[in-house]
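# Structure at a glance
Each chain is listed here by its residues.
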Amino acid sequence: MEAVETANEQSKWAPFQNEGKWELACFLMKNVGQTKMDEFLKLDIVQKSGISFDNAHSFLKYVDRLCTGPGWMCEMIDVEGDIMAEDGTLRHEHLELWWHDPIECIQELMGNLAFWDVMSYMPEHAYTDANGENHIYDEMWMGNWWQDVQTKLPDGAVVAPVILSSDKTTLSQFSGDKKAWLVYLTIGNISKDVRQQVSAHATMLIGYLPVSKLKCFQKKSQSLAGYHLFHHAISLLLCPLADAVHPILAAYITDFPEQCLVACNKESQCPHCLVQSNKHGDLEECVSCSMADTYKTLQHMRKNKQSRKFDTEDLHAVFDPFWKELPFMDIFTCLTPNILHQLHKGVFHDHLVQWCISIVGEKEVDACFQAMTQYPALCHFKKGISSVSQWTGTEHKEMQRVFISLLASAVEDHILVVVHSLLDFIYYAQVQQHMDTTLAAMEESLKTFHDHKHVLVELEIHSMQHYISSIRALGSADGYNTKRPCTIRVPTWPGGTLMLTLLRMDLWMVTVTLRCHVCVFSASETIVVINTAPCLAVKAHYKVAKTPPQCQLPVDHIECDYGAFEFIPMLKCFLALSDRFNVYNHMYVETGPSIITGHSQSFQKIRALPYVAARGHKKETPARFDIVFILDEGHPHTDTIILNSACILISCHGDMIALTILSQGMKPAQVHIVFKLPEHLRTYPHLLVYVEWFTTLQHQDPVSSLYIVSHSTQNHRCNASARCRKEISKDWALADVLEKASSFYINSYIDLDTFLALE
């Protein structure tokens, strides 16, 4: 009996002997290269531990014995060119297509126990109200596409929505220019939050499409030959899907040039609809592309060599597109929104930002960015934006967070309306749980832009019109991010043949999974009522350093360095005076997760730092007193100590509101000092915070919709930006702009939670 248990225990970690050696193998694969691996495995202490491999070569042989799921298959593609060879025949080129069977990959995903509790097998309609008036669009099974397809299948059938994504990549950086076109597969049954986690392995690499310069063709025909090669390779890769019924291609994630390649149209044409090229800037309902009509046009062109409709629709002469035999799908609706390239890079940076710079001036825009108040995790462009040479999606989103407050009062109202409407659309597009109300607001933002776009020189952003229909069909756009395939990268060994490189890449992606038979459930529609309250206040907890960095700080230093000039009068109402306090530089407030915007539970940092003069080689550090939202005194959950003043002491007894979630009764305030009472006065055990009030959120700018506040004369985490005129004041700097400016904008674009709460 013991021998059987020992054998089972060993087989669990096979081909390694036990759990410890399995963990060692995982560490070596993830963190150590082959050269260092050899050095490590040859150490005496490692050899004496009883491991079965003594160098990288023998170790990788053990790795090769691991179960890798569906096996790789190679198919040769014979490409016939149009250039004559010396023997009088047309030149040929032989290319390799490496691929997994997509049906086996789908079975692998559906049979993985790790996804058992995050999968859905039937469509759902979810609403925020019991009357079913406000539809929720979140996961793919909440969209209209799944329900429409389900009605076409027999009762009891389970749909496996196939999500493809593709991207060109370099296989090896040290052995020539070997490249391949990587194709990934996942299924919409798995929750999008899990699909987007690279470590969850919910997205599988299923193929390497061949990439060739096609020198057997003349230069003028190489481009079209490349289109034919792509569609032929994809058709071979997806051939098993054509014979299956329930795995149905639902979404294809890629950038715009490849979307046009998939749709067989030129890049001057929309891959979704038949809008004319000179109408891309208009908000008009256009006829959607039809697979049947497009394929019919292609075949008419193949037969007659000319077609007026072929020329009008700007099609490529790809007469055998890969999607022609795939069942129950529409390739044109499969092409998903591309937030990264279309909105962040295209609409915002390449068009809107450049246009605003030409109006305001490069120096003035740089000065505004330099004077922008700081915020946790907000990128501060200390030198402006003109010196940035390479932009990524991260920088684009950081600029969006402050762009409206930067331009407010700096440009004419009719210009600000255009900027405001476009940024509203971009923010709504990033919401991770949409409702009919948010989609209506998104549509209204697009309409507002088109109503005022005449002030622009030229801005054609037709692709934005297809976002709302795509979200209604396939769920929120964050589930189809083109950034995800780019992050699924695996290291390769330099040198060797292309075949060896591909095989080694696959071994690096090895994961051990538990398999089971898939249970088939009834596919009848499920209706779920979800009561959402995205703007309700929730309790938040705080934490600070174990030891305060400023111990026994005198009162005069607190008043002078921290700007807490009413500190002593406030303490008189609470305790007997003392002249020494423990002061903290930072305070962390815990925020709960948000289903609407998708962020997880986290801690947000509140800073209260005095000015530190330069000493030796250390540069001076400017003062930093953050602005937060705090519950007003009339709110039932408030926990304030002293009221009716422009300044106030706030208790941090676990009732501070989550900083990214706003509610009724919240007011902005500037934190000046975070401290604890001295030991001999420790009648109150929690932190105290000295803050200076701003006025309440009552007045909104009619154009930008930003709330306007000023320093309160009576007297949560928010971001306030100084209001400036056409030109920013020359004496404003980051360190003192909150003191010198008389009024401020509450920046609702600082994050998605604040944006939705203040809209």
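Residues numbered from 1 in each chain as written. Predicted model: local features only at pLDDT ≥ 70, side-chain atom pairs only at ≥ 80, totals over all residues. Heavy atoms only, no water.

### Topic: the overall build of the protein
Counting secondary structure elements, the protein contains 26 helices and 26 strands. In the protein, which comprises 759 residues, the share counted as buried stands at 53%. With an accessible surface of roughly 35800 Å², the protein has 52% of that area assigned to carbon and sulfur atoms. (Helix = DSSP H or I, 4+ residues; strand = E, 2+ residues; numbered from the N terminus. Buried < 20%, exposed > 50% of the residue type's maximum accessible area, 1.4 Å probe, protein only. Areas by Shrake-Rupley, 256 points an atom, 1.4 Å probe, with all protein chains shown as cover.)

### A look at the pattern of salt bridges
Under the criterion given, the structure shown has twelve salt bridges. Notably, a salt bridge pairs Asp626 with Arg607, separated by 3.6 Å at the nearest N-O pair. Highlighted residues: Asp626 in the loop between β17 (624-625) and β18 (627-631) and Arg607 in strand β16 (residues 602-609), separated in sequence by 19 residues. The same class applies to Asp626 and to Arg607, which are both buried. Asp626 is the partner of Arg624 in a salt bridge, and the nearest nitrogen-oxygen pair spans 2.7 Å. With respect to burial, Arg624 and Asp626 carry one shared label: buried. (Salt bridge = Lys/Arg side-chain N within 4 Å of Asp/Glu carboxyl O.)

### A short note on the packing of aromatic side chains
As enumerated under the stated definition, the model contains 20 aromatic pairs in all. A ring pair is formed by Phe381 and Trp391, whose centres lie 6.1 Å apart and whose planes are at 40 degrees; its orientation type is tilted. Separated by ten residues along the polypeptide, Phe381 in the loop between α16 (362-370) and α17 (393-407) and Trp391 in the loop between α16 and α17 bring together distant segments of the chain. Seen in terms of ring centroids, Tyr428 and Phe755 are 5.0 Å apart; in terms of plane orientation they differ by 70 degrees. Their pairing is edge-to-face. Judged by its relative accessible area of 7%, Tyr428 falls in the buried class. (Phe/Tyr/Trp six-rings, centres within 6.5 Å; stacked < 30°, edge-to-face > 60°.)

### Details of the sheet that holds strand β6 (residues 179-187)
With respect to topology, six strands assemble into an open sheet ordered β1-β2-β7-β6-β5-β8, the strand pairing being mixed. On the outer flanks of this sheet lie β1 (73-84) and β8 (247-253), each paired with one strand and no other. Here the average twist between neighbouring strands, direction ignored, is 25 degrees. Inspection of the sheet shows strand β2 (residues 90-99) paired to strand β7 (residues 204-210) by two bridges, in the antiparallel sense. The residue of β7 that forms the bridge with Trp98 is Tyr208. Where helix α6 (residues 102-110) meets the sheet, its contacts fall on β2, β5 (160-170), β6, β7 and β8, and the angle it forms with β6 comes to roughly 45 degrees. (Pairing = 2+ DSSP bridges. Axes fitted to C-alpha atoms, helices over the stretch in contact; angles between N-to-C directions. Contact = heavy atoms within 4.5 Å.)

### Description of the packing of helix α18 (residues 413-429) against helix α19 (residues 436-452)
The N-to-C vectors of α18 and α19 enclose an angle of 150 degrees; their axes lie 8 Å apart at closest approach. As judged from the angle between their axes, α18 and α19 are roughly antiparallel. Handedness of the α18/α19 crossing: left-handed. Contacts between α18 and α19 pair Val417, Val418, Ser421, Leu422, Asp424, Phe425, Tyr428 and Ala429 from the former with Thr438, Ala441, Met442, Ser445, Leu446, Thr448, Phe449 and His452 from the latter. (Parallel < 35°, antiparallel > 145°, perpendicular 65-115°, else oblique. Left-handed = near helix turned anticlockwise from the far one by under 90°.)

### Some points on unusual backbone geometry
For Cys264, which is not glycine, the phi dihedral falls at a positive 65 degrees. With respect to the helices and strands, the residue Cys264 is situated in the loop between α11 (256-263) and α12 (291-304). Taking the relative accessible area as the measure of exposure, Cys264 reaches 1% and is therefore buried. Backbone geometry at Phe328 places phi at a positive 55 degrees, although glycine is not the residue there. Relative to the helices and strands, Phe328 is located in the loop between α13 (308-312) and α14 (331-334).

### Overview of the side chain of Gln670
Here Gln670 shows up in strand β21 (residues 666-676). Here the side chain of Gln670 touches Phe625 through a polar contact of 3.1 Å, landing on its backbone oxygen. Dropping the residues within four chain positions of it, Gln670 is found in contact with Phe625, Asp626, Ile627, Tyr690, Val691, Glu692, Phe694, His711, Leu738 and Glu739. (Polar contact = N/O pair within 3.5 Å; in protein donor to acceptor, adjacent residues only side chain to side chain.)

### Some details on α16
Every buried residue belonging to α16 is among Glu364, Val365, Asp366, Cys368 and Phe369, and all of these are buried. In this structure, the buried residues of α16 make contact with α15 (339-360) and α17.

### Some thoughts on the confidence of the model for the protein
Detailed reading of the predicted coordinates is not advisable wherever pLDDT falls low. With 78% of its residues at a pLDDT of 70 or more, the protein has an overall mean of 78. Predicted confidence for residues 634-646 stays below pLDDT 50, and this span has 44 contacts to residues more than four positions away or in other chains. (pLDDT = per-residue confidence, 0-100.)

### Some words on the environment of Gln107
Take Gln107: it is sitting in helix α6. Among the residues examined, Gln107 registers a relative accessible area of 53% and is labelled exposed. In this structure the C-alpha to C-alpha distance between Gln107 and Pro70, which are 37 residues apart in sequence, comes to 9.6 Å.

### Regarding the side chain of Glu258
Tracing the sequence through the fold places Glu258 in helix α11. Not counting residues within four places of it along the chain, the set of residues in contact with Glu258 comprises Ser166, Trp181, Phe230 and Tyr252.

### Observations concerning the nonpolar core
Formed by 74 residues in total, the largest nonpolar core has its most connected members in Phe322 and Ile331. Apart from the residues within four sequence positions on either side, Ile331 is in contact with Leu249, Val262, Met291, Phe322 and Trp323. Formed by 59 residues, the second largest nonpolar core is a distinct cluster that contains Leu406, Leu446, Ile461 and Leu752. (Core = buried A, V, L, I, M, F, W, Y, C linked by side-chain atoms within 4.5 Å.)

### Overview of the packing of α19 against helix α20 (residues 467-474)
In contact at an axis separation of 10 Å, α19 and α20 are set at 165 degrees when each is read in the N-to-C sense. Looking at the two axes, α19 sits roughly antiparallel to α20. Where α19 crosses over α20, the two elements pack in a sense that is right-handed. Every residue of α20 that contacts α19 at Asp436, Leu439, Met442 and Glu443 is listed here: Tyr467, Ile468, Ile471 and Arg472. Grouping the amino acids of the contact of α19 with α20 by side-chain chemistry returns five nonpolar, no polar and three charged. (Nonpolar A, V, L, I, M, F, W, Y, C, P; charged D, E, K, R; others polar.)

### Let's talk about the environment of Tyr562
Relative to the helices and strands, Tyr562 is located in the loop between α23 (555-561) and α24 (567-572). Spatially, the C-alpha atoms of Tyr562 and Tyr611 are 8.1 Å apart, while their sequence positions differ by 49 residues. Ignoring any residue separated from it by four or fewer positions in sequence, one finds Tyr562 in contact with Gln550, Leu553, His557, Val583, Asn585, Ala608, Pro610, Phe625, His672 and Ile673.

### Thoughts on a nonpolar patch on the surface
A cluster of nonpolar residues, Phe40, Leu43 and Ile45, forms a patch on the protein surface that exposes about 290 Å² of accessible area. On the secondary structure map, Phe40 appears in helix α3 (residues 34-41). (Patch = residues over 30% accessible without salt bridge, like charges linked within 9 Å, V, L, I, M, F, W, Y side chains within 5 Å.)

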